[in-house]
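# Topology and contacts: notes
The chain contents come next:
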Amino acid sequence: MSRLTPKARRRASKLEYGCYFAVIFLFSLPVALVRTLAGSSEPRADGAGAGVIGRAWSEARTVTPMIFSA
């Protein structure tokens, strides 16, 4: 049983989400770089064609909630 108050639990959850997001973002940067250099610029509805950072950010923004919903 957790002894954290609801506010402390929410803060811990936000911190955990941010850590997961950062790790996923860092791992998706090389993949986004390769895709950008390879010229794989298929149109995407989420506007991630803005470059390496945009692609990596979009991927992290998509994957992180999937982890937390599991």
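Up top you'll find the structure we're talking about.
These remarks concern the structure in this document.

Criteria and thresholds
- Residues numbered from 1 in each chain as written.
- Predicted model: local features only at pLDDT ≥ 70, side-chain atom pairs only at ≥ 80, totals over all residues.
- Heavy atoms only, no water.
- Helix = DSSP H or I, 4+ residues; strand = E, 2+ residues; numbered from the N terminus.
- Contact = heavy atoms within 4.5 Å.
- Areas by Shrake-Rupley, 256 points an atom, 1.4 Å probe, with all protein chains shown as cover.
- Core = buried A, V, L, I, M, F, W, Y, C linked by side-chain atoms within 4.5 Å.
- Buried < 20%, exposed > 50% of the residue type's maximum accessible area, 1.4 Å probe, protein only.
- Phe/Tyr/Trp six-rings, centres within 6.5 Å; stacked < 30°, edge-to-face > 60°.
- Expected span 1.5 Å × (residues − 1).
- Patch = residues over 30% accessible without salt bridge, like charges linked within 9 Å, V, L, I, M, F, W, Y side chains within 5 Å.
- Salt bridge = Lys/Arg side-chain N within 4 Å of Asp/Glu carboxyl O.

## Concerning the overall build of the chain
On a plain count of helices and strands, the chain comes out with two helices and zero strands. A fraction of 55% describes how many contacts in the chain between residues 6 or more apart in sequence connect residues 24 or more apart. Carbon and sulfur atoms form 68% of the exposed surface of the chain, whose accessible area is close to 5400 Å².

## Quick look at the environment of Ser58
Within the secondary structure, Ser58 is located in helix H2 (residues 52-69). Sequence separation of Ser58 and Phe25 is 33 residues, and the distance between their C-alpha atoms is 8.7 Å.

## So, the nonpolar core
The biggest cluster of nonpolar side chains holds six residues, and these are Phe21, Ile24, Phe25, Ala32, Ala56 and Ala60. Elements represented by at least two residues in this core include exactly helix H1 (6-37) and H2. Looking at which element gives the most residues to this core, the answer is H1, with four residues. When residues no more than four places from it in sequence are discounted, the contact partners of Phe25 are Ile53, Ala56, Trp57 and Ala60.

## Observations regarding the packing of aromatic side chains
If you walk through the whole model with that rule in mind, you get two aromatic pairs. Where Phe21 meets Trp57, the ring centres are 4.8 Å apart and the plane angle is 70°; that geometry is what we call edge-to-face. Note that Phe21 is positioned in helix H1 and Trp57 in helix H2, a separation of 36 residues in sequence. Between Phe25 and Trp57, the ring centres sit 5.6 Å apart and the planes meet at 75°, which makes this aromatic pair edge-to-face. With Phe25 in helix H1 and Trp57 in helix H2, the pair connects residues that are 32 residues apart, well separated along the chain. By way of ring pairs, the aromatic residues Phe21, Phe25 and Trp57 are connected into one cluster.

## Some thoughts on H2
The terminal C-alpha atoms of H2 lie 27 Å apart, and with 18 residues this matches the ideal 26 Å at 1.5 Å per residue to within 8%. What H2 keeps buried is the set Arg55, Ala56, Ser58, Ala60 and Thr64.

## A short note on the side chain of Ser28
Checked against the element boundaries, Ser28 lands in helix H1. The buried category is assigned to Ser28, whose relative accessible area is 10%.

## Describing a nonpolar patch on the surface
Judged by side-chain polarity, Tyr17, Tyr20, Ile67 and Phe68 come together as a nonpolar surface patch covering roughly 330 Å² of accessible area. Along the polypeptide, Phe68 turns up in helix H2.

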